[in-house]
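Listed here are the chains, written in short residue letters.
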Amino acid sequence: MDIDKIVAAIRSRDGSLYYPTTRLICLENTQGNCGGKCLSVEYTDKVGEVAKTHGLKLHIDGARIFNASAALGVPVDRLVRAADSVSVGLAKGIGAPVGSVIVGSKAFIHKATILRKTLGGGIRQVGILCAAAEVAVRDTVGKLADDHRKAKVLADGLKKIEQFTVDLASVETNLVFFDMADARISPAKLCQVLEQRNVLATPIGSKSVRLAVHYQISDADVQYTLACIEEAVEEILTV
Ligand SMILES: *Cc1c(COP(=O)(O)O)cnc(C)c1O
């Protein structure tokens, strides 16, 4: 979103009685619904300045922030420097079975802990979850760049299938979206045929499909997936 548009959407404290007052700006990095693309440090810092100027807080939804860090080659702490708070996903690209971490000032965390308790989210025996999270942070973060490479291989292969369109430039991380150029193929049908071959893909609306690569997907799996997709297209078109 253009910085100008963010500024234009801010509603001031002394505005009309009929409008809510803006208190917070949230950014998502990477942007899950925009191809898994990254927000740059420069952009994030600019939004931080806008927040400061208008007396607002900045929160970063970093469900996939490690992917952004790997793709941009920028450490996570630098990427989020402008933010007041950050949530970090452990159960997305880095592969813990469950969990997110929220980061902020001492006072913010104290308030968040009380809210978590109020909402019934307290767990006493979290050590077992933390152990899995530690493995994810220790062993998987370093593998994300390779996931991104495999996603590009996948996207390149999909580009060669004439029934699809792929925007290669939008493949920055481990997510690959492709559109149906051939109206006879529906995303739901394609995903259903792929599932029979143990390839799990997500239909997005009536035109697109999303594939996600993670560290347990090998180069051979990528080639297998491409072969299955070609077969599935043929199967659907010949019925
Ligand atoms: C998955 C996701 C979440 C929620 O993550 P949890 O693991 O359920 O805490 C929040 N924001 C975005 C952008 C996500 O992709």
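None of these values were measured; they are calculated from a predicted model.

J.: I'm lost on the side chain of threonine 22 in this one. Help?
T.: Within the fold, threonine 22 resides in the loop between helix H1 (3–9) and strand S1 (24–28). On the basis of relative accessible area, threonine 22 is assigned to the buried category, the value being 19%. The residues contacting threonine 22, other than those within four sequence positions of it, are Ala9, Ile10, Arg11 and Leu56.

J.: What should I look at first to understand the sheet that holds strand S7 (residues 202–204) in this one?
T.: The strands that make up a sheet pair up through hydrogen bonds in the backbone, lying either parallel or antiparallel. Across the sheet, which stays open at both edges, the 4 strands sit in the order S5-S6-S8-S7 with antiparallel pairing between neighbours. The sheet is open, and its two edges are formed by strand S5 (164–165) and S7, each paired on a single side. One ladder, built from 5 bridges, connects strand S6 (residues 175–180) with strand S8 (residues 208–212); its direction is antiparallel. Note on S8: the bridge partner recorded for aspartate 179 is serine 208. Relative to the sheet, helix H7 (residues 144–159) contacts S5, S6 and S8, its axis offset from that of S6 by approximately 15°.

J.: Would you take a moment to explain the sheet that holds strand S3 (residues 85–89) for this structure?
T.: Taking strand neighbours across the sheet as the criterion, the 4 strands line up as S1-S2-S3-S4 in an open arrangement whose pairing is mixed. Each having just a single partner strand, S1 and strand S4 (100–103) make up the two edges of the open sheet. Averaged over all pairs of adjacent strands, the angle between strand axes in this sheet comes to 15°, irrespective of strand direction. The sheet contact formed by strand S2 (residues 57–62) and S3 spans 4 bridges and is parallel. Along S3, the bridge assignment pairs aspartate 61 with serine 87.

J.: Could you clarify how one ought to interpret the domain arrangement of the chain in this entry?
T.: Accessible area lost on assembly of the parts is the figure often given for the size of an interface. When the domains of the chain are assigned, the result is domain 1 (3–92 + 96–139) and domain 2 (143–238). Of note, the centres of domain 1 and domain 2, computed from C-alpha atoms alone, are 29 Å apart. In this assembly, 12 residues from domain 1 lie in contact with 10 residues from domain 2. Overall, the association of domain 1 and domain 2 removes approximately 920 Å² of surface from exposure, summing both partners, and the carbon and sulfur fraction of that is 54%. Sorting the residues of domain 1 by area buried against domain 2 places Gly35, Lys37 and Asn67 first, and these three jointly supply 43% of that buried surface. Run the count over domain 1 and domain 2 and you get 0 salt bridges. Here the side of domain 1 that touches domain 2 gets 4 residues from one element, more than from any other, and that element is helix H3 (residues 65–72).

Calculation rules
- Residues numbered from 1 in each chain as written.
- Predicted model: local features only at pLDDT ≥ 70, side-chain atom pairs only at ≥ 80, totals over all residues.
- Heavy atoms only, no water.
- Helix = DSSP H or I, 4+ residues; strand = E, 2+ residues; numbered from the N terminus.
- Buried < 20%, exposed > 50% of the residue type's maximum accessible area, 1.4 Å probe, protein only.
- Contact = heavy atoms within 4.5 Å.
- Pairing = 2+ DSSP bridges.
- Axes fitted to C-alpha atoms, helices over the stretch in contact; angles between N-to-C directions.
- Domains from an automatic or database assignment.
- Buried area = accessible area lost by both parts, 1.4 Å probe.
- Salt bridge = Lys/Arg side-chain N within 4 Å of Asp/Glu carboxyl O.

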